[in-house]
Each structure stands twice: as C-alpha cells, then as structure tokens.
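# Descriptive structure summary
Chain by chain, the residues:
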Amino acid sequence: MITRVQHAGIGGDGVNSVSKSFTSNITAGNFIVVQMSSYYGDSTVPPGSVAVSDTLSNTYTVRSHVEDSTTDAWASRSAYLWAANSPSGGANTVQVSGMSSAYVALSILEYSGVADSSAYDTANQFRYRDSDHGSATTTTFTTNNISTAQNDELLIGHVGTLVTTDIYSGDTGWTEVRTQANSFNNHAVYEQITTASGTYALTGTFSAAQAGYSACVAAFKAAPDDSVAITGTATASISETDVRNGGKTLIATVSGTTFVPASVSQLAYVGGQVGSFAGTNSTTTVTFSLTGGLASTPAANDLVIVAYSVGSSADRALTIQNTGATNYTLVGSELYQNGTTYDSNLRVAYRFMPGTPETQFVLSGTGAVQDAGAYTVHVFRGVDSGTPLDVAAVTAGNTGTRVVNPGAITPSTAGAWLFIAGAAAGGTGGNFTASYLTDFRATSSADNNDAMIGAGYYTGWTSGSYDPAAFGGGGTDDAADSWTAVTVALRPSFTTPFADARSAIVSGIDSAQSEGTGWDARRSTIIPVANVVRTSDTVCTITFAADASYDITAQETVTVTIPAAALTGGVALVGTPTFTIDAGASISGATLAATLLFAGTVSPGAVDITGTNIAGTQLFAGSLAYVVSGGTIADTVLFAGTVSPGEVSVTGTTIADGQVFAGTVGQDGVVISGASIDGTQLFSGSVVYVISGANIADSQLFAGTAAPGAVTVSGTSVAATQIFAGTVIPGAVTLAGEFISATQLYTGSAVLIVTGSNIAGTQTYSGEVSLAGFVNGAHIASTVLQGGTVVLALNLYPSAWTGMSGLYRVVARFRRF
Amino acid sequence: MPKLANGLLVSIASGTQVLGPFNVPNNVNQFVLRLSRCTSLDPLIWPNESTGITVTVLASYDGGATYVEVGGFTASGGVLIAPDGAELAFTTMWTDLVDGSNRKVKAELGVTNGPLVTNATLEVN
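Residues numbered from 1 in each chain as written. Chains lettered and ligands numbered in written order. Predicted model: local features only at pLDDT ≥ 70, side-chain atom pairs only at ≥ 80, totals over all residues.

## Description of the overall build of chain A
Defined as follows: Helix and strand labels come from DSSP, where a helix needs a run of H or I of at least four residues and a strand needs a run of E of at least two; each type is numbered from the N terminus. The exposure label follows from counting other C-beta atoms within 10 Å of a residue's C-beta, where the C-beta atoms are placed from the backbone and the thresholds are 20 or more for buried and 12 or fewer for exposed, leaving partly exposed in between. Contact definition: two residues whose C-beta atoms, as placed from backbone geometry, lie within 7 Å.
Of regular secondary structure, chain A possesses three helices and 60 strands. Evaluated residue by residue, chain A yields a buried proportion of 45% over its 817 residues. Restricting to contacts in chain A with at least 6 residues of sequence separation, those with at least 24 account for 60%.

Rendered as structure tokens:
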C-alpha cells in the first residue's frame, strides 16, 4: 500500500542551486520524488543541465519535464519531476544544481509502498502559453493524459505559474499535498493513489486566469503487498494419521520481502592511523587515535593490526606490544630484505582488544639511530576470534626496487576481507599509493635509512585468488632499495538470523484449537527447528517429524504466520491458505452395522468403536488398529489384515464370529474379554492372545504357531473340539479352569501347562513335547494323554485317577528316551 | 514576521562564516533569509558575478546542543533581472521549520572570491 511519509520544500530567488533536508530520516527502501518549478529569467543555462543528487547517493531519474528555453521569448517556466528509490536509510538532503540565478520552488516527498524496481509506469506534461492560444488566458490546467498499467499506482505531479499564492484547485481525486513559492513563482504538488488502471490527467482550475503554466505528472506502480503463500503436502487438508506418521511438508513462499539471511558477516572497520619517527633505540608508545571508521579508539574484541616498517642496513629484531609488554601476535613471519644499500624490515602483528580495551601500544626501537621507523594501524570489528586469519598470510619481498608488490591470496570463507601492508627502505622515501585499497594509510620517515609503509584493506573479494596490484608512489625508485609485504585474509564472524528465527517460525504455526495432545501442544515435536529449512531467499520448507502422541478428537485449523524476525521486511506475515487436520474415525451408537466399515489403512488408535451392538459383514479389512467395545460384537470377518502390538482390544458381553482374526498379529496384539466367547475359528494365523471369559468354546481356537506366553486361556469352562492344532514352544500355552475338555487339545509339538479341577480329552497330547509339560488337576482322564515323543519330563499330579478307588496320591514320572 | 537579523550589513570574507545562532520564537514554521544584491541604486553590494556564496541553514531543536541541516542554496553576485523585469534586489531563500520550542537557527556562509558585501535579513514566520 502506497503511503506518503513526509514532504518538505524550499524556495529561492536568484540561486544557482538549492538543497533541502527531509525532516525525518529516510526509511531504507522508500521512494523519493523531487519536483521543481523554476524560472530562469535572462539566464543562459541550457535546458537539461539541471541535476539532482542527495546525501544518500541515490540516483535520480527525470520522469517528466517541461523545460524553459533561452530562445523562448515568452520566458515561461520549467517544470521537473525526478524520482529515486532509496536503498539506504538515514538523514538525507536533496540538492538540485546546475542552474544559474534561477527562481526556484522545490518540493521533496518520501513514499513507502512503491515498487522497488520498475516502479515507473508512465508520465506526461504540458506547458500553456497564451501566445499559443491567441493571447487567451486560461483558468484550467492539465498535464494531458496518462494511461496506467496496474490498479494500484501513485500518480504525482505539480503545476506552477507566476503567482505567489495558492490559486490552484485540483479536480476530484487529486489531493494537494503542498505548495512552495518564491517571490515570483508558486507551485502546487498533487497526488492520487489509484485503485484501478485507466486514463488519468492532473487537472484543475486556477482561481484567477493565467497566461501560462507548466505541469507534470508521473505514475509509479505500487509494490506488491508482502505476502506468504503456503503450499506443500500438508495443504489444504491432512489427517490425524498424516501428522502422526510425519513427512508432510509446508512450503512458505514470500513475495515482496525475503527471509532473513542464513548468515551475516559482522566485519566492520573501526578506523586507522599512521605514524613515523626517526631512528631510535628507544621504544615508541603510540596512543590510539583512529579516523576513517566507526570510532576513534578500539572497543573490546576489536582486532588491532599494526604494521611496523624499519629502513635499515641490517636485519633488525622488532616488537609490537601492549603497554604490559604482551606481544601482539605475529602475522606470518617478520620480514627482511637485504637490499644493496637499504634493507626493508617489516613486522605485522595483531591483537584482540580485551574487555577493557587498551589505549596504547608500544613499538620497539628501530635497531639503530640511523634507521627510520614508520607504522600503520588498522582496527576491525567482527573478526572471527578463533581464527582471525582465514588462510595463512602471504608474504612477499624483493631487492633492487622499492615498489611493493603484495602477494596473491586465496581466502576460503565467503565475506573475508583482505588486509595488505607493504614496506620499503630507501635513501629518500615517499608515500605509497594504492587506490584499490580502502583507508589506505601511507607515510615515510627520513633518516640515513628511510622507512616507508602503506596499508589498507579490500572488501571486494568474492572467490578465487586475489592478486593485489603493486603500490604506486613511494618516491624515486632505486636499485639499492628493497621492499617487503604481507597479505592477510580476515575471517568474519557471522550471525545466523534465519537459524535464530526458526523457533519463532515453528511457534507461528498455530492451531485455532487447543486439545491437550493437539497441534499446539505437540507442535515442537512435530516440527523440530532442524526441520525448518531456508530453501532460498523467498522459500522456506518445513517438514513434519513423526509424532505418535498427536491425538485429536476434532478437526484442527492451522495458520502459518511467518514472524517478523524471519523476514527482511521486519513485519510478520500471515500465510494463506490455512490447512486442516482431520481427526481419526470415531463411531459411537447403540447399534452399529455396516457391510464394510473400514477398508483402508489406519494407524494405532485411529478408530474407536463404541456401541451396545456392533455387527457387520466385514468391519476391518485393512492394516489397522481398533478399539471395539460393545455388549454384542458379531461379524463374519472382524479383522482380516495385519495388526501390530496393542492394536486391537475387543471387550463385550458376547463375542461371536466365524473368523474374528484371520491375519497375523504381534505380541499382545489381541485382547478379548467377555462373558461368552464363541466362534468357529477365532484365531487362524500366527497370533498372540489373551482370552478371558466364563465360557470359551470353539471348534478350532488356535490353528497357527504361537510363541512363548502367547496364549493364555482362562475360564470356568474351556471346551473345543481342537483348541491347539499348531506348534507351540515352551510356555506357549497355559490353560487354567475348573473344567477343560476337548477331543483333541494339542495335536502338534507343544509344551503345555494345564491346570484345573477336571481335565479330560480323547487325545490331549499327540505330538512331541520338546520340554516340560505339566498337567495338574483333581481329575485327569484321557484315552491318550501322550501320543508323541516326550523329550524331557511330564509330571502328573492327579489327586484322583479314573478307575481307582480309595484315596491315593500317585506321583508318576515318565521319562522316555 | 519576526526579524532575527534585519538588514545587517556584513562584509563576508572568503571562507566560512556563521551567521547566528538565533533563538526562534514558538509557533513559527518558516525561515526566510535575504541577502541584498547589486542593483543600479546600490552598486557596491555584491557586485561581482565571480563572488559566490554557499548558504547552509541549520536548525536546533534542543536549545543549540545539536543542529541539523534544514536547507541551503548557492548564488553568485552581479545584477539579475527578475521575471517582472526589475532588478532583483535580494537573493532569498524560504524553507520550512519543524514546529517545536527551544529552537535555534544559524546559517553557515561559505564565500568564494570574497569579500561579499551584503545586507542580511533573517525572518521567521
């Protein structure tokens, strides 16, 4: 949305230029319009020589103009309209120059909401001169028409004539923003913010007839409103199970703004200084007095780099220390070049300022009173404190010349800055130059052996090797001279704005509901911050993690709000559309009957069925988890698929079915509880069951393979024609009841524990008993108790045997090999 | 229309001089600076076209502790003919002042090829 932020103006008589400051700081990214009406009198300034600039270094483009001409006998007025985007914010003064003794009315305006680029749409202008109209004056003004391209645009223009008061009245739709006058001229600035494309003109009336006027208008497109579009597999509707399983994605795509960067270099330049002295055997204490940067003295954690040059005829040992005699850290090695006459010595060293920043440093003597010394200081902020030098420093040097040619370096970290220092020794020194370096500091010091030094930094490296150019200047080169140089890459420390904002992004994905195990409660588990990924400047991808605890009873509606901290625009944006999460199926009722209730795949806890009577031909045909509760549950095939542990619970007074569980279930997969459990084949697969009930009867209860502890049947009466037809392993089957009777209880290899008052069966054990079987009971009768192979032992503890009289207690031990 | 300086005859040497600061009354929001120009009637005022002036007007809203730039202009000497055909008696600048109290204004005058002899008038409206 386009909004005018501020405006100001200035008038001048007989001026060559005018400047006007905005009252408040400009906001970075905003749009500036400069409008001027001027009269040149008898000047000879050619049209088009007028130029606009400002203190934020913005680039202005003239979008509409009606220029005066020195050949125009009518000497009418000129009108200009310039515009600029202002990428930078801050105090701003606009200057219009290039005039010669002109009469000027200038207005400056700041707008927000205008497109950053390609804002300009169209413009037009008109100059009325009575001489063109048979000396007729006019009481109306126009700029002529413009046709705009989009609905929301800023139309802005002005009209000026030779009056000193506001005689203007814009037509409907136009707002007079301001007027500005000088002694002879007055202009009125008008704006209109459109909501529909079409044909427009700045038109209106004068309160008094005018012999002439100049008017301009220009149209600028509004920036697209900042927005967030939500796409991905989580939209527009997903299920409770989708959330539990994880893997769904939300893709947030912003327009009109961008996500904050993944990392931001903190490098900044604090300032520098330079100094020199004649040869001395004494130390020199230097007090920080920085210029050209952020501050005059270093702050805590700032990196101070000192380059110390000595011109000599020998290899001198130099030191750079703080006032407590702590050495600055040497960069590379102390350099020496043995020139024919003049030897260059260079020591470059750095030090991070402690919590209480130091105010001075100390340079050693030069080594001889004939040897001059010179130094530079450069202070940087935001250098990586652990690894300030991104790669090993590169040293260079040579004799036979004083022309410093620093070595090439290949930094490894994006955003690294280069620091380059060069020194030389010669008979008569001079100051080096290096225009490619920022804040290049250079000096020389005279003595028998002159010392020269120059150092600065370079911020333009992006990749690969950077080979600094040789220094210029430095006085008259001589074959007796020598030089040394050090090239350093400074590794920046970084902030991580996007990573820092991820937690807020997660918190911004919010449900309108608030169940205890719903979205808001489980959000941090469903979306760990690591799953929030900055895919590009405008795209963020959010991936759900699995969360088995997510459980809702009603649909949730979730809105994605990208927080201000995550966007460069600094304003939170609500994404569209929202998405919904549907709760799992829940069926309740006195009587439930269906041919096929659930044919698909559902997850544990996904379906709850509660009712007095539940009946259906095929209730659950897929992989699923159920809870079925009811007085009477009857169906031909209740569970035909595969279920996992703990997935099925059937509780009812009466449970009867032809085939309740036909598939494979895992440990504790099925719990059946009821007063009466009856079915032709309750369990035909590999199963683990717990069956509890007063009466349990079936033709074939367990036909498959059971693992240890897999089957527990407890009841007053347990009777079936063939209870266990498969193979069971030790401890797999426990039967406990007052009466246990079956034609063929165990036909496979089994290890059984049977405990009851009465145990009777035609063929209780017909297979191989691999370990131990125990049959304990008051009455045990069987035609064939053990028809197979007993590998270990079977202990029988009958309190009474059929066919015996009297009271006996027989302890028998059968062992067959 | 209070006049902070009324027809003050000044001879401004080459270099930068400061006019003011002046206290600004409340409830005024326009600043006007007039420098008299060379005319046939007063040919000794700023006669040379080569004598230039750069004026920067500064305003303080904290009693003079700090100043911010308000506006300015550059101009040259000599006789100018105004749109009404008469000789222009003044080079004049009008500009806004932000409302407030405890305000001051001053003007920095940079002269080249001086001295520049003129009458300076400062008004606030």
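## Quick notes on the sheet that holds strand E2 (residues 17-21) of chain A
Backbone-to-backbone hydrogen bonds join strands into a sheet, with any given pair of strands oriented parallel or antiparallel. For the record, the criterion: For two strands to be treated as a pair, DSSP must find no fewer than two bridges joining them. Axes, fitted as lines to C-alpha atoms, cover a helix only where it is in contact. Angles between the N-to-C directions of the axes lie from 0 to 180 degrees.
Here seven strands make up an open sheet; going across it, the order is E4(A)-E7(A)-E2(A)-E5(B)-E4(B)-E7(B)-E2(B) and the pairing antiparallel. The sheet is open, and its two edges are formed by strand E4 (51-54) of chain A together with strand E2 (15-24) of chain B, each paired on a single side. Strand-to-strand, the axes of this sheet are offset by a mean angle of 15 degrees, without reference to chain direction. One ladder, built from four bridges, connects E2 of chain A with strand E5 (residues 68-76) of chain B; its direction is antiparallel. Counted as the bridge partner of Ser-17 of chain A is Thr-74 of chain B from E5 of chain B.

## Thoughts on the sheet that holds strand E13 (residues 168-170) of chain A
All names here are of chain A. Reading across from one edge, E10-E17-E13 is the order of the three strands in this open sheet, with antiparallel pairing throughout. Only two strands of the sheet have a single neighbouring strand rather than two, namely strand E10 (138-142) and E13. Strand after strand, the sheet turns through a mean of 25 degrees between neighbouring axes, direction not considered. Two strands pair when backbone bridges link them, and E13 and strand E17 (residues 203-210) are joined in this way by three bridges, in the antiparallel orientation.

## Observations regarding unusual backbone geometry
With an omega of 0 degrees, the peptide bond running from Thr-576 of chain A to Pro-577 of chain A counts as cis. The residue after Gly-114 of chain B, namely Pro-115 of chain B, is reached through a cis peptide bond having omega 5 degrees. A positive phi angle, close to 45 degrees, is found at Asp-439 of chain A, a residue other than glycine. Overall, the presence of 17 C-beta atoms within 10 Å leaves Asp-439 of chain A in the partly exposed class.

## Examining the pairing of strand E19 (residues 227-231) of chain A
Residues and elements named next belong to chain A. What you see with E19 is a clean split: Val-228 and Ile-230 sit on the buried side and Ser-227, Ala-229 and Thr-231 on the side with no burial. Pairing of E19 with strand E21 (residues 249-255), which is carried by five bridges, proceeds in the antiparallel orientation. Pairing of Ile-230 across the sheet is with Ala-252, part of E21. As paired elements, E19 and strand E44 (residues 573-576) share two bridges and run parallel to each other. Counterpart to Ala-229 in the pairing with E44 is Thr-576.

## Considerations on helix H2 (residues 497-507) of chain A
Residue and element names in this part refer to chain A. What counts is decided by this rule: Think of it as the arc spanned by the lines of direction from the helix axis to the C-beta atoms.
Residues Phe-498, Ala-501, Arg-502 and Ile-505 constitute the buried set of H2. Seen end-on, H2 carries its buried residues on one side only, within an arc spanning 140 degrees. Along its buried surface, H2 packs onto strand E41 (532-534) and strand E43 (556-562).

## Quick look at the interface of chain A and chain B
Rule in force here: Three residue categories are used. Nonpolar comprises Ala, Val, Leu, Ile, Met, Phe, Trp, Tyr, Cys and Pro, charged comprises Asp, Glu, Lys and Arg, and polar comprises the others, including Gly.
Contacts between the two partners involve 26 residues from chain A, matched on the other side by 24 residues from chain B. Residue assignment for the side of chain A that touches chain B shows that the elements contributing at least two residues are strand E1 (3-15) and E2 of chain A. Ranked by the residues each element gives to the side of chain A that touches chain B, the list is headed by E1 of chain A, at eight residues. Here the residues of the side of chain A that touches chain B are counted per class, giving nine nonpolar, 14 polar and three charged.

## Remarks on helix H3 (residues 519-526) of chain A
All names here are of chain A. Of the positions making up H3, those classed as buried are Trp-519, Arg-522 and Ile-526. Buried positions in H3, seen along its axis, are confined to an arc of 85 degrees and lie on one side of it. On its buried face, H3 sits against helix H1 (240-245), strand E40 (509-511), E43 and strand E45 (579-582).

## Structural notes on the environment of Asn-16 of chain A
Checked against the element boundaries, Asn-16 of chain A lands in the loop between E1 and E2. Given 22 C-beta atoms within 10 Å, Asn-16 of chain A falls into the buried group. Between the C-alpha atom of Asn-16 of chain A and that of Met-99 of chain A, which follows or precedes it by 83 residues, the distance is 4.7 Å. Among all residues touching Asn-16 of chain A, those that are not within four sequence positions of it are Met-99, Ser-100 and Ser-101 of chain A together with Thr-74, Ala-75 and Ser-76 of chain B.

## Re the confidence of the model for chain B
Residues and elements named next belong to chain B. Using the following cut-off: The quantity called pLDDT is the predictor's confidence in a given residue, expressed from 0 to 100.
For chain B, per-residue confidence averages 88 on the pLDDT scale, and 93% of positions sit at 70 or higher. The weakest mean pLDDT in chain B belongs to strand E1 (residues 3-12) at 68; the strongest belongs to E5 at 95. We note a pTM of 0.51 for the whole complex and an ipTM of 0.93 for its interfaces.

## Structural notes on the nonpolar core
Selection criterion: As used here, a nonpolar core is made of buried Ala, Val, Leu, Ile, Met, Phe, Trp, Tyr and Cys residues. They are joined through C-beta atoms within 7 Å.
By size, the foremost hydrophobic cluster in this structure holds 92 residues, and its most contacted members are Val-33, Val-104, Val-114 and Ala-218 of chain A together with Val-57 of chain B. Setting aside anything within four residues of it in sequence, one finds Val-114 of chain A in contact with Ile-2, Phe-31, Ala-119, Leu-154, Phe-220, Ala-222 and Ala-223 of chain A. Formed by 63 residues, the second largest nonpolar core is a distinct cluster that contains Leu-318, Tyr-342, Leu-363 and Ala-485 of chain A.

## Observations regarding the environment of Thr-553 of chain A
Residues and elements named next belong to chain A. Examined against the element boundaries, Thr-553 turns out to sit in the loop between strand E42 (539-543) and E43. Thr-553 sits in the partly exposed class, given 14 other C-beta atoms within 10 Å. Here the alpha-carbon distance between Thr-553 and Glu-240, two residues 313 residues apart in the chain, equals 9.3 Å. Beyond its immediate chain neighbours, meaning those up to four positions away, Thr-553 contacts Glu-515 and Ala-583.

## With respect to the pairing of E45 of chain A
Residue and element names in this part refer to chain A. Residues of E45 alternate between two faces, with Phe-579 and Ile-581 buried on one and Thr-580 and Asp-582 left unburied on the opposite face. The pairing of strand E20 (residues 237-239) with E45 spans three bridges and is parallel. Looking at the pairing, Ile-238 lines up with Ile-581 of E45. Relative to E45, E43 runs antiparallel, the two sharing three bridges. By the bridge assignment for E45, Thr-557 is matched with Thr-580.

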